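# A structural walkthrough
Here is what each chain is made of, one letter per residue.
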Amino acid sequence: MPILILEGQRIPLSPEQAATDETIIKTLLPFYADVAGATLTRKMVDGEEHIEIVKKVGTKGNVALVNSLKAAPEAINPALALSWKLKQLELQGQLTVETLIEIREEIDAAIAQAEIEIHSTSKTTSNLIHSSPQPCCYPILCF
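Quick caveat, the model's predicted, so the values are computed rather than measured. (Residues numbered from 1 in each chain as written. Predicted model: local features only at pLDDT ≥ 70, side-chain atom pairs only at ≥ 80, totals over all residues. Heavy atoms only, no water.)

### Quick word on the side chain of His50
The condition is simple: Segments assigned H or I by DSSP are reported as helices when at least four residues long, segments assigned E as strands when at least two residues long, and all are numbered from the N terminus. The contact criterion used is simple: two residues touch if any of their non-hydrogen atoms lie within 4.5 Å.
Residue placement: His50 occurs in strand β4 (residues 48-54). Setting aside anything within four residues of it in sequence, one finds His50 in contact with Ile3, Ile5, Arg10, Thr41, Arg42, Lys43 and Val45.

Structure follows, in structure tokens:
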């Protein structure tokens, strides 16, 4: 009986299942999706046929999505910058109602920008969730 070796596991196969590489892959595909592009090596060991499966490691990603993330402007959210400014004023003892009235336009602008960024972030999150995995020709580093 042929023995399949997959990730250190020894799995006995029927002669019909082990007849060809294609029949092995069709047998395993519902349980191990990664075998679709795997390399199969057959050898005889002590009179037993051993079939070793080595999964191919590849890059993954959605090029359009990665490019849109790269093209996104690098900036500090104005609401965050404003919160730092307000904290600094508080630490210096200068945060008063008068100061808040003076910077009211800056506060309103930061709120408006934050609302735009919330919408943009929600849209990006939705796109990430619904993006199908695609092979990428570039490896994504630092992961």
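### Re the environment of Gly47
The test is simple: Relative accessibility thresholds used throughout: buried, under 20% of the residue-type maximum; exposed, over 50%; partly exposed, between the two (1.4 Å probe, protein chains only).
Tracing the sequence through the fold places Gly47 in the loop between β3 (39-45) and β4. A relative accessible area of 66% means that Gly47 is categorised as exposed.

### Observations concerning the pattern of salt bridges
It is possible for side chains of opposite charge to pair when their charged atoms get near one another. Operational definition: Whenever a carboxyl oxygen of Asp or Glu lies within 4 Å of a side-chain nitrogen of Lys or Arg, that contact is scored as a salt bridge.
Enumeration over the complete set of coordinates arrives at six salt bridges. Among the ionic pairs, Glu49 bridges to Arg42, the shortest N-O distance being 2.8 Å. On the accessibility criterion, Arg42 (32% relative accessible area) is partly exposed. The salt bridge involving Asp108 is made with Arg104; its shortest N-O contact spans 3.7 Å. Here the residue Asp108 and the residue Arg104 both occupy positions in helix α5 (residues 104-130), the gap between them amounting to four residues, near one helical turn. Overall, the relative accessible area of 38% leaves Asp108 in the partly exposed class. Members of the salt-bridge network, linked through shared partners, are Asp21, Arg42 and Glu49.

### Quick notes on the sheet that holds β3
The strands making up a sheet are joined through hydrogen bonds of the backbone, oriented either antiparallel or parallel. Counted only if it meets this: Whether two strands pair depends on DSSP finding at least two bridges between them. As a rule, the C-alpha atoms of each element are fitted with a line to give its axis, helices using only the stretch in contact, and angles between N-to-C directions run from 0 to 180 degrees.
Taken in spatial order, the four strands of this open sheet run β2-β1-β4-β3, and their pairing is mixed. In this open sheet, the two edge strands, each paired with only one partner strand, are β2 (9-12) and β3. Between one strand axis and the next, the sheet turns through 25° on average, direction left out of account. Most of the contacts of helix α1 (residues 21-28) go to β3, to which it runs at about 110°, and overall it touches β1 (3-6), β3 and β4.

### Quick notes on the confidence of the model for the chain
Applied cut-off: Scored from 0 to 100, pLDDT reflects the predictor's confidence in each residue.
On average, residues of the chain score 84 in pLDDT, and 88% of them are at 70 or above. Averaged over each element, pLDDT in the chain is lowest for helix α2 (residues 63-71) (74) and highest for helix α4 (residues 97-102) (93).

### Considerations on the pairing of β3
One ladder, built from seven bridges, connects β3 with β4; its direction is antiparallel. Note that in β4 the partner of Thr39 across the bridge is Val54. Turn length for the β3-β4 hairpin, with the two strands adjacent in sequence and antiparallel, is two residues, and the turn residue Asp46 shows positive phi of about 50°.

### Examining a nonpolar patch on the surface
Selection criterion: The patches described consist of residues with a relative accessible area above 30% and no salt bridge, like charges being joined within 9 Å and nonpolar side chains (Val, Leu, Ile, Met, Phe, Trp, Tyr) within 5 Å. A 1.4 Å probe and the Shrake-Rupley method give the accessible areas. Residues count as covered only by the protein chains that appear here.
On the surface, Ile76, Leu80 and Trp84 cluster together to form a nonpolar patch covering roughly 320 Å² of accessible area. The partly exposed category is assigned to Leu80, whose relative accessible area is 40%.

### Describing the nonpolar core
The condition is simple: Residue types Ala, Val, Leu, Ile, Met, Phe, Trp, Tyr and Cys, when buried and joined through side-chain atoms within 4.5 Å, form a set referred to as a nonpolar core.
Among the nonpolar cores identified, the biggest contains twelve residues, and these are Leu4, Leu6, Leu13, Ala18, Ile24, Ile25, Leu28, Val35, Ala38, Leu40, Ile51 and Ile53. Listing elements by their share of this core, those giving two or more residues are β1, α1 and β4.

### Some remarks on the pairing of β4
Both β1 and β4 contribute to a ladder of four bridges, which runs parallel. Within β4, the position partnered with Ile5 by the bridge is Glu52.

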